[in-house]
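Observations on the model geometry
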Amino acid sequence: MRAILLLCLLQASLAVPSFKWDTSNSTAGPVNPNEVCSIDKGSCNCCVMLKEVNRLKMHFDEKLSELEQEYVQTVKSLNSIEAGRVAVSVALLDTDRFMCFGKFSIDKIIPYKHVFINLGDGYSTDTGIFTVLHPGVYSLAVTVYSDSGAPGNPLAACASLQVNNQVVAGSKDTNTRDQEDSASIVVARQLNTGDVVAVKLPRGCFLCDDGNHYNTFSVFLLYPTEPLA
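All values reported here derive from a predicted model rather than from experimental measurement.

1. Some thoughts on a nonpolar patch on the surface
A cluster of nonpolar side chains, F116, I117 and L119, forms an exposed patch at the surface whose accessible area comes to about 250 Å². The class for L119 is partly exposed, based on a relative accessible area of 38%.

2. Notes on the state of the cysteines
Scanning the model with the defined rule gives 2 disulfides in all. Each disulfide pairs two cysteine sulfurs, and for C100 the partner residue is C208, the sulfurs being separated by 2.0 Å. Of note, the bridge from C100 to C208 carries an S-S torsion of about 95° and is right-handed in sense. Taken together, the residues span a long stretch of sequence, with C100 in strand β2 (residues 99–101) and C208 in strand β11 (residues 207–209) at a distance of 108 residues. The disulfide partner of C158 is C205, and the gap between their sulfur atoms is 2.2 Å. Every disulfide takes its handedness from the sign of the S-S torsion; for C158 and C205 that torsion is -70°, giving left-handed. Taken together, the residues C158 in strand β7 (residues 155–163) and C205 in the loop between β10 (196–201) and β11 connect sequence positions 47 residues apart. Judged by its relative accessible area of 0%, C158 falls in the buried class.

3. Section: the packing of aromatic side chains
Taken as a whole and judged by the stated rule, the model has 5 aromatic pairs. On the basis of an interplanar angle of 40° and a centroid distance of 4.5 Å, the ring pair of Y145 and Y214 is categorised as tilted. Of the two residues, Y145 sits in strand β6 (residues 136–147) while Y214 sits in the loop between β11 and β12 (216–224), which places them 69 residues apart along the sequence. A residue is classified by how much of its surface remains accessible, and Y214, at 34% relative accessible area, is partly exposed. Among the aromatic residues, those joined into a ring-pair cluster are Y112, Y123 and F217. Its guanidinium or amino end placed over the ring of F104, K108 lies 4.4 Å from that ring's centre, counting from NZ or CZ.

4. Some words on the sheet that holds strand β1 (residues 87–91)
The strand order across the open sheet built from 5 strands is β4-β1-β12-β6-β9, with neighbouring strands paired in antiparallel fashion. The sheet is open, and its two edges are formed by β4 (114–119) and β9 (180–191), each paired on a single side. Taking the axes of each pair of neighbouring strands and ignoring which way they run, one obtains an average angle of 10° across the sheet. Bridge count for β1 against β12 is 5 bridges, and the pairing is antiparallel. For A87, the partnering residue across the bridge sits in β12 and is F220.

5. Some words on the nonpolar core
One recurring pattern in soluble globular proteins: nonpolar side chains tend to sit buried together. Counting 34 residues, the largest nonpolar core has Y112, F130, Y138 and F217 as the members making the most contacts within it. Residue contributions to this core peak at 6 residues, all from β7. Here Y112 is in contact with V90, A91, L92, Y123, T125, V142, V199, N215, T216 and F217, once residues within four sequence places are set aside.

6. Regarding the side chain of S89
Within the secondary structure, S89 sits in strand β1. Sequence-distant contacts of S89, that is, excluding residues within four places in its chain, are made with H114, V115, F116, I117, F217 and S218.

7. Examining the environment of K200
Mapped onto the elements, K200 comes out in strand β10. Between the C-alpha atoms of K200 and K108, which are 92 residues apart in sequence, the distance is 5.4 Å. The contact partners of K200, leaving out residues within four places of it in the chain, are D107, K108, I109, I110, A159, S160, Q162 and N165.

8. A word on empty space enclosed by the protein
Enumeration over the complete set of coordinates arrives at 1 cavity of 30 Å³ or more. Here the largest cavity defines a volume of roughly 50 Å³. Lining of the largest cavity is provided by V86, L119, G120, D121, G122, F130, T131, L133, H134 and Y138. Residue classes in the lining of the largest cavity are distributed as 5 nonpolar, 4 polar and 1 charged.

Analysis parameters
- Residues numbered from 1 in each chain as written.
- Predicted model: local features only at pLDDT ≥ 70, side-chain atom pairs only at ≥ 80, totals over all residues.
- Heavy atoms only, no water.
- Patch = residues over 30% accessible without salt bridge, like charges linked within 9 Å, V, L, I, M, F, W, Y side chains within 5 Å.
- Areas by Shrake-Rupley, 256 points an atom, 1.4 Å probe, with all protein chains shown as cover.
- Salt bridge = Lys/Arg side-chain N within 4 Å of Asp/Glu carboxyl O.
- Buried < 20%, exposed > 50% of the residue type's maximum accessible area, 1.4 Å probe, protein only.
- Disulfide = S-S within 2.5 Å.
- Helix = DSSP H or I, 4+ residues; strand = E, 2+ residues; numbered from the N terminus.
- Phe/Tyr/Trp six-rings, centres within 6.5 Å; stacked < 30°, edge-to-face > 60°.
- Lys NZ or Arg CZ within 6 Å of the ring centre and 35° of its normal.
- Pairing = 2+ DSSP bridges.
- Axes fitted to C-alpha atoms, helices over the stretch in contact; angles between N-to-C directions.
- Core = buried A, V, L, I, M, F, W, Y, C linked by side-chain atoms within 4.5 Å.
- Contact = heavy atoms within 4.5 Å.
- 1 Å grid on protein atoms, 1.4 Å probe; cavity = no way out; pocket = protein on both sides within 12 Å on 5 of 7 lines; lining within 4 Å.
- Points joined across faces, edges and corners; volume = space filled by probe spheres on them.
- Nonpolar A, V, L, I, M, F, W, Y, C, P; charged D, E, K, R; others polar.

Here it is, written out as structure tokens:
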């Protein structure tokens with residue numbers, strides 16, 4: 001822009017060497033810009049060029065400001081997406097030894113101890129509870145396995161998937177015919193921030209596991225949504 005200004009001033013000085021912009025001693029009053037342009041064509045063209053350059057500069061500054069705002073918003077959106085990634089997959093036992101969980105005289109939340117992944121830190125191995133930090137549609141899955149030890153022994157392979165202490169889905173198999181049995185629960189559910197998800201073992205039931213991790217609990221955020229009203 002400085003180079004353009006210098007060229008314009010040089011053009012004006014070469015076009016009319018004797019023209020003076022100083023009108024402080026003039027008795028004719030303020031100078032009419034149209035009259036100046038009729039006298040000094042070089043200076044007039046220079047002014048027009050400078051006005052156009054200034055207009056373009058303002059236009060580019062506005063567009064640059066819009067792009068900067070869009071960039072900031074995009075970064076915020078990407079950070080929000082990255083922060084909202086949720087994936088939890090856990091198993092009943094954190095040992096290779098064969099062990100059983102239950103029987104109990106009351107319903108009890110299953111504290112899954114082996115963590116495959118806890119992206120988002122929503123799951124607690126101490127309580128067995130997953131707490132929703134980001135509203136969205138989630139995939140909830142539970143696998144159940146139990147072993148009575150021998151044919152003819154009572155088998156009670158049960159579990160209930162719960163959201164906010166309300167049963168969403170469950171599985172129950174109690175008999176003396178099977179030594180072992182398994183089941184799976186898979187649902188999609190829209191959850192809100194602060195909702196709690198857990199798997200409860202009904203009273204009188206028991207689950208058995210070892211290093212093969214037959215009993216699992218998984219939570220995945222399929223996509224985020226606006227909070228439920």
